[in-house]
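# Structure assessment
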Protein chains: 2
Amino acid sequence: MSDRPFTKVIKILREAGLRPTRQRLGLAKLLLDGTNQHITAEELHKAAQDNNILVSLATVYNTLHQFKSAGLLREVIVEPGRAYFDTNLSKHHHFYFEQTGEITDIPDSQINIERLPHIPEGTSINCIDVVVRLSPVIRDD
Amino acid sequence: MSDRPFTKVIKILREAGLRPTRQRLGLAKLLLDGTNQHITAEELHKAAQDNNILVSLATVYNTLHQFKSAGLLREVIVEPGRAYFDTNLSKHHHFYFEQTGEITDIPDSQINIERLPHIPEGTSINCIDVVVRLSPVIRDD
DNA sequence: GTGTTTGCAAAGTGTTTGCAATTTA
DNA sequence: TAAATTGCAAACACTTTGCAAACAC
């Protein structure tokens, strides 16, 4: 919404090695506004249109991957055939509402993995993803 | 490989409410042989061809979903755009080798989730999936 | 015989890519 | 102006679907 802190977003992009083009600036402003979001390319494209940010769907896809490579976003995999991107870079996990497709964060403090498994030789852990899949409670009364 | 215990597979399908057709029997024999497998539709289709089981790719897809609905298989979601099916029905988790796409099991005894998160009201946990993503160790010598 | 299942080909969904035109530095 | 970026449309990978023919019971 604010128009001035453009400089901040420009700085972020520059430091990520990405030229601050009109499209990247617009998408970065939508994504990196400090709120935690779980968004698909289509949703972001729609959000851009709604905010008068002209950008093609192809560029949205490319930009999401560039942001991911630059460490500005993470990918969350909870269902086949659809990629979600997560603006929360801190350690955390996810609830996935199977009914609605909604994703919400589980703070790292609320989950704790004890007893880590023995890691195969020659490999190292990239990350550990925990997805708690939820369904609506069915009440029969 | 064995030809006689067909009766066993027929029984499994019958109890799952699925007619034991030639295609389902063939696929069930490949899948439910007691080993733990993580397989895609394409891979299963190829395996069927290699074993002289005539079945179309569309039927492989349909059969995998029928088996899943019947509780004979589980779906594992580790990468977007590809569905893996898991013949291991006991509680366990997964290693995912990002480099190769390979999936292996983590026995439930080797991982332990403490302190479960607070579940949103009106929902119940369907399942908890843990994916430990691995990369090859990079050695610089 | 009747309802189920199959296979094909077509359609669908989400994503990536080649390339000319445009923009950035 | 040289290199990076964009947008389009086409290609892509994977999956689902409609429907006539084949099959199971």
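Residues numbered from 1 in each chain as written. Chains lettered and ligands numbered in written order. Predicted model: local features only at pLDDT ≥ 70, side-chain atom pairs only at ≥ 80, totals over all residues. Heavy atoms only, no water.

## A short note on the protein's contact with DNA strand D
Convention followed: Whether a residue is near a molecule or strand is decided by its heavy atoms; if any one of them lies within 4 Å of it, the residue is near. In protein, a polar contact means a hydrogen-donor-capable atom and an acceptor-capable atom, both N or O and within 3.5 Å, with residues adjacent in sequence counting only if both atoms are side-chain atoms; elsewhere, any N or O pair within 3.5 Å suffices. Numbering of helices and strands starts at the N terminus; helices are DSSP runs of H or I of at least 4 residues and strands are runs of E of at least 2.
Lining the immediate surroundings of DNA strand D are 19 residues, of which A:T21, A:Q23, A:T59, B:Y61 and B:R82 lie closest. Put simply, 83% of the atoms of DNA strand D that lie within 4 Å of the protein are in sugar or phosphate. One of the backbone N or O atoms of B:G81 is found 3.5 Å from a sugar or linking oxygen in DNA strand D. When contributions to the surface near DNA strand D are tallied by element, the ones reaching two or more residues are α2 (22-31) and α4 (57-69) of chain A together with α4 (57-69) of chain B.

## Things to note about the protein's contact with DNA strand C
Convention followed: Gly is put with the polar residues, along with every residue not named as nonpolar or charged; the nonpolar set is Ala, Val, Leu, Ile, Met, Phe, Trp, Tyr, Cys and Pro, and the charged set is Asp, Glu, Lys and Arg.
Around DNA strand C, the structure places 19 residues, and the nearest of them are A:Y61, A:R82, B:T21, B:Q23 and B:T59. Counted by atom, the contact set of DNA strand C within 4 Å of the protein is 84% sugar and phosphate. Within the side chain of A:R19, a nitrogen or oxygen atom sits 3.1 Å from a base oxygen of DNA strand C. Here a phosphate oxygen of DNA strand C and a backbone polar atom of A:A83 are 2.7 Å apart. Secondary structure elements with two or more residues in the surface near DNA strand C: α4 of chain A together with α2 (22-31) and α4 of chain B. Counting residues per element, the surface near DNA strand C draws most heavily on α4(A), which supplies four residues. Of the residues belonging to the surface near DNA strand C, the class tally is seven nonpolar, seven polar and five charged.

## A word on the pairing of strand β5 (residues 102-107) of chain A
All names here are of chain A. What counts here: DSSP calls a pair of strands paired once it identifies at least 2 bridges connecting them.
Taken together, the six bridges between strand β4 (residues 92-97) and β5 define a ladder with antiparallel strand orientation. The residue of β5 that forms the bridge with Y96 is I103. Between the end of β4 and the start of β5, which pair antiparallel, lie four residues, with G101 showing a positive phi angle near 85°.

## Observations concerning the packing of α2(A) against helix α3 (residues 41-50) of chain A
Residues and elements named next belong to chain A. Threshold: Note on method: axes are straight lines fitted to C-alpha atoms, helices fitted across the in-contact stretch only, with angles between N-to-C directions ranging 0 to 180 degrees. An angle below 35 degrees is read as roughly parallel, one above 145 as roughly antiparallel, one from 65 to 115 as roughly perpendicular, and any other as oblique. Only heavy atoms enter the contact rule, under which two residues are in contact if any of them lie within 4.5 Å.
Close contact between α2 and α3 brings their axes to 10 Å; oriented N to C, the two are set at 105°. Comparing the axis directions of α2 and α3 gives the class roughly perpendicular. Along its contact with α2, which presents L27, L30 and L31, the element α3 presents L44, A47 and A48.

## Thoughts on the state of the cysteines
Test applied: Two cysteine sulfurs form what is called a disulfide whenever their separation falls within 2.5 Å. Working definition: with a 1.4 Å probe on protein chains only, accessible area under 20% of the residue-type maximum means buried, over 50% means exposed, and in between means partly exposed.
Enumeration over the complete set of coordinates arrives at zero disulfides over all chains. Between A:C127, a free cysteine, and B:C127, which holds the nearest cysteine sulfur, the sulfur-to-sulfur gap is 18 Å. Overall, the relative accessible area of 30% leaves A:C127 in the partly exposed class.

## With respect to the pattern of salt bridges
The test is simple: Should a side-chain nitrogen of Lys or Arg be within 4 Å of a carboxyl oxygen of Asp or Glu, the pair is scored as a salt bridge.
Counted by the stated rule, this structure contains 14 salt bridges over all chains. With a shortest N-O distance of 2.6 Å, A:K68 and A:E75 are connected by a salt bridge. Judged by relative accessible area, which is 34%, A:K68 ranks as partly exposed. Note that B:D129 is salt-bridged to A:R133, the shortest N-O span being 2.7 Å. You can see B:D129 sitting in strand β7 (residues 123-136) and its partner A:R133 sitting in strand β7 (residues 123-136), one on each of two chains. Given the relative accessible area of 5%, A:R133 is considered buried. Salt bridges sharing partners connect three or more residues here, namely A:E98, A:R133 and B:D129.

## Remarks on the interface of chain B and chain A
Using the following cut-off: Summed over both partners, buried area is the accessible surface (1.4 Å probe) that two parts give up on being assembled.
Across the contact, 38 residues belong to chain B and 38 residues belong to chain A. Summed over both partners, the interface of chain B with chain A buries about 3,300 Å², with 59% contributed by carbon and sulfur atoms. Interface area lost by chain B to chain A is led by B:I77, B:R115 and B:R133, which between them contribute 17%. Counting across the interface, chain B meets chain A through two salt bridges. Where chain B touches chain A, the interface holds 20 residue pairs in polar contact (both at pLDDT 80 or more). Looking at the side of chain B that touches chain A, the elements with two or more residues in it are β4 (92-97), β6 (112-114) and β7 of chain B. Looking at the side of chain B that touches chain A residue by residue, the class counts come to 21 nonpolar, ten polar and seven charged. Relative to β6(B), strand β6 (residues 112-114) of chain A runs antiparallel, the two sharing three bridges. Along β6(B), the bridge assignment pairs A:N112 with B:E114.

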